[in-house]
Amino acid sequence: MAMRVGRERGEGPPVRLHPRSAMPPLVALLACAAFLAASPASDDPPQRRLDALRREAAGARPPAPRAMSDRLTGIGDEFLREGKFAEAIELFSEALGLDPENGRAIAQLVVAYLDTGDLEFADFYLEQATASVRRRQPPPEVFRTIGDLFESHHRMTEAVAAWDYFRRLKGSDPAVEKKLDRARAELSLGVPQRVRTSDRISLYTDASVPDSVAARVEEYLESELAKLSAFFSSPDEGATHVVILYEGRAYFSLVSIPNWVSGIFDGKIRVSTESPVRWSTELAGVLSHELAHSYLRSVSRGHAPAWLHEGLGQWFQAQRIPREDLRRWFARHEVLSLEQMEALLAGRADRERTRNVYLEALGLTEFLIGENGSGAMACLVRDLGDGVPFEEALRRETGLTSRELVSRWKGAMTVPRG
């Protein structure tokens, strides 16, 4: 989260709180949906199984339509797991033609179209999937996943429909209930929004936000994405960053965000601005910080610790701490361990303690990059994305443990320059 844009100047860097929960990447959601709906995987490649099925269907004793539909769906599931969406869509569509009550095929059509970005077809098949309880349905968890996928695209009406169907199929998950309540409350605001989309950015703005400001925001985000891609030596392929620009604080009040906060990242970048909405350096700073969260989550596959999120967020916002300021800070405050910082960021620390955690997170980030170079930081994050535990990744790229990192940083910052 970020302090309100244009308010309380001179109090130090904006404070942002790391999201307590963030949705998994689309790839993980897709894998979940395909796994839940699929038949047991075969040792044969799906194309070989499909060729064999085609030969059987052309023979003297072809499978009955319903059996053929189920087998096509199972092979389509395997194509979907492999990311071969065109082949999967073709098989699911054929399966549905053979058996209109094959709910598994229609649900997987929704998932496949969502991943290809064809939201209108995904919406169409969601309506078909939820229109009849007579269908032979997949496990309810598939519709939980579909709701999450729609929500990741900021299609809240469709997300609510999918999560509702999850419940109709007797699915039970407190997290879904919480998402439903929040989504319905968001929809109840009824504020019209416009959307601007590019290959990697989906920018939603309240209709009252001037087009000139929306265009400037989109241009700025694209330039920041280029910087992030260069830093991490990773193009963040396949990731779409959803950014929502609000005029006023109606949504932030709805979800109980403190009034001194102007930006949050909860899987989407949400920024609150004062009326009338104008482009400003403060708005640019909030966008840079929250976009860094989104990019870092993608590259690390959700494995980056909260303190690193906040340290890099501030670093990409071009915030730096003079050594003398740090020395004065050390004289008045206890230096926290990485574990203590994580605990504070996961909870609801007061404003002053949160500011101190953010200062330490930025200081550690500056130290790591200064001592080891930006390449080592990028490698550390990519290691996390490859599933390497943080302690192992840190030692691999810096030769330090977490405790040694904090100790070295404190020692380097408290010794006056000679």
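Trainee: Would you mind showing me how to read the overall build of the chain here?
Mentor: Per the secondary structure count, the chain includes 19 helices and six strands. Taken across its 418 residues, the chain has 51% of its residues classed as buried. Considering only intrachain contacts with a sequence separation of at least 6, the fraction spanning at least 24 residues in the chain is 68%. Entry remark: accessible area of the chain is about 19000 Å², with carbon and sulfur atoms responsible for 51%.

Trainee: Is there a simple way to explain the pairing of strand β3 (residues 201-206) in this structure?
Mentor: Every other side chain in a regular strand lies on the same face of the sheet, so the side chains alternate between the two faces. When you tally the buried positions in β3, you get six out of six residues, the bulk of the element. Going residue by residue along β3, you find Ile 201, Leu 203 and Thr 205 tucked away on one face and Ser 202, Tyr 204 and Asp 206 tucked away on the opposite face as well. Across five bridges, strand β2 (residues 193-197) lies against β3 in antiparallel orientation. Of the residues in β3, the one forming a bridge with Gln 193 is Asp 206. The loop that links β2 with its antiparallel partner β3 comprises three residues. The sheet contact formed by β3 and strand β4 (residues 241-247) spans five bridges and is parallel.

Trainee: Help me out: how do you make sense of the side chain of Ser 152 in this one?
Mentor: Secondary-structure assignment places Ser 152 in helix α7 (residues 141-152). Judged by relative accessible area, Ser 152 falls into the buried class, the value being 13%. Polar side-chain contacts of Ser 152 include one of 2.6 Å to the backbone oxygen of Leu 149.

Trainee: What's the story with unusual backbone geometry in this structure? I'm lost.
Mentor: Peptide bonds are mostly trans, and most non-glycine residues show a negative phi. Of note, the amide linkage connecting Ser 275 to Pro 276 takes the cis form, showing an omega dihedral of -5°. As for its placement among the helices and strands, Pro 276 is situated in the loop between β6 (269-273) and α12 (281-300). Phi is positive for His 154, close to 60°, though the residue is something other than glycine. Inspection of the secondary structure puts His 154 in the loop between α7 and α8 (156-168). In this structure, Arg 301 is a non-glycine residue whose phi angle is positive, near 55°. Relative to the assigned elements, Arg 301 resides in the loop between α12 and α13 (306-316).

Trainee: Looking at this structure, how should I read the nonpolar core?
Mentor: Generally speaking, nonpolar side chains in soluble globular proteins are found buried as a group. Counting 66 residues, the largest nonpolar core has Phe 232, Trp 307, Leu 312, Met 377, Leu 405 and Trp 409 as its most contacted members. When neighbours within four sequence positions are excluded, Leu 312 is seen to be in contact with Phe 232, Ala 292, Leu 296, Thr 365, Ile 369, Met 377 and Val 381. Ranked by size, the runner-up nonpolar core spans 43 residues in total, among them Leu 53, Leu 80, Val 142 and Val 176.

Trainee: What's the story with the packing of helix α6 (residues 119-130) against α7 in this structure? I'm lost.
Mentor: How two helices pack is summed up by the angle between their axes together with the distance between the axes. Where α6 meets α7, the axes come as close as 13 Å, and the angle between the chain directions of the two elements is 150°. Relative to α7, the element α6 is oriented roughly antiparallel. Judged by the twist between their axes, the crossing of α6 over α7 is left-handed. Taken together, the residues of α7 that come into contact with α6 (itself represented by Ala 122, Asp 123, Leu 126, Ala 129 and Thr 130) are Phe 143, Ile 146 and Phe 150. Considering only residue class, the contact of α6 with α7 consists of six nonpolar, one polar and one charged.

Trainee: Which parts of the structure should I look at to understand a nonpolar patch on the surface?
Mentor: Among the surface-exposed residues, Leu 189, Val 191 and Leu 254 lie close enough to one another that they form a single nonpolar patch of about 200 Å² accessible area. Here Leu 254 shows up in helix α11 (residues 250-254).

Trainee: Even after reading the chapter, I still don't get the packing of aromatic side chains, so can you show me in this structure?
Mentor: The description of two aromatic rings rests on the distance between their centres and on the angle between their planes. On inspection of all chains with the given rule, the structure shows 17 aromatic pairs. A ring pair is formed by Tyr 113 and Phe 121, whose centres lie 5.0 Å apart and whose planes are at 15°; its orientation type is stacked. Taking relative accessible area as the criterion, Tyr 113 reaches 12% and is therefore assigned buried. Here Phe 121 falls in the partly exposed class, since its relative accessible area comes to 41%. Judged by centre distance (5.0 Å) and plane angle (80°), the ring pair of Phe 231 and Phe 232 falls under edge-to-face. The pair formed by Phe 231 and Phe 232 is uniform in burial state, with each residue classed as buried. Members of the aromatic cluster, joined through ring pairs, are Phe 231, Phe 232, Tyr 295, Trp 315 and Phe 316.

Trainee: In this structure, what is going on with the pattern of salt bridges? I would like to understand it.
Mentor: Pairing between side chains of opposite charge can happen when their charged atoms approach one another. All told, the structure shown has 25 salt bridges when counted by the stated rule. With its nearest N and O atoms 2.8 Å apart, the salt bridge here joins Glu 177 to Arg 167. Of this pair, Glu 177 sits in helix α9 (residues 174-188) while Arg 167 sits in helix α8; the two residues are ten residues apart in sequence, bridging distant segments of the chain. Residue classification places Arg 167 among the partly exposed positions, given a relative accessible area of 33%. Between Asp 266 and Arg 270 there is a salt bridge, with the nearest N and O atoms lying 2.9 Å from each other. Assigned by exposure class, Asp 266 and Arg 270 land together as buried. Linked by salt bridges that have partners in common, Asp 164, Arg 167, Glu 177 and Arg 184 make up one network.

Cut-offs and rules
Residues numbered from 1 in each chain as written. Predicted model: local features only at pLDDT ≥ 70, side-chain atom pairs only at ≥ 80, totals over all residues. Heavy atoms only, no water. Helix = DSSP H or I, 4+ residues; strand = E, 2+ residues; numbered from the N terminus. Buried < 20%, exposed > 50% of the residue type's maximum accessible area, 1.4 Å probe, protein only. Contact = heavy atoms within 4.5 Å. Areas by Shrake-Rupley, 256 points an atom, 1.4 Å probe, with all protein chains shown as cover. Pairing = 2+ DSSP bridges. Polar contact = N/O pair within 3.5 Å; in protein donor to acceptor, adjacent residues only side chain to side chain. Core = buried A, V, L, I, M, F, W, Y, C linked by side-chain atoms within 4.5 Å. Axes fitted to C-alpha atoms, helices over the stretch in contact; angles between N-to-C directions. Parallel < 35°, antiparallel > 145°, perpendicular 65-115°, else oblique. Left-handed = near helix turned anticlockwise from the far one by under 90°. Nonpolar A, V, L, I, M, F, W, Y, C, P; charged D, E, K, R; others polar. Patch = residues over 30% accessible without salt bridge, like charges linked within 9 Å, V, L, I, M, F, W, Y side chains within 5 Å. Salt bridge = Lys/Arg side-chain N within 4 Å of Asp/Glu carboxyl O. Phe/Tyr/Trp six-rings, centres within 6.5 Å; stacked < 30°, edge-to-face > 60°.

All we've got here are geometric facts, nothing functional implied.
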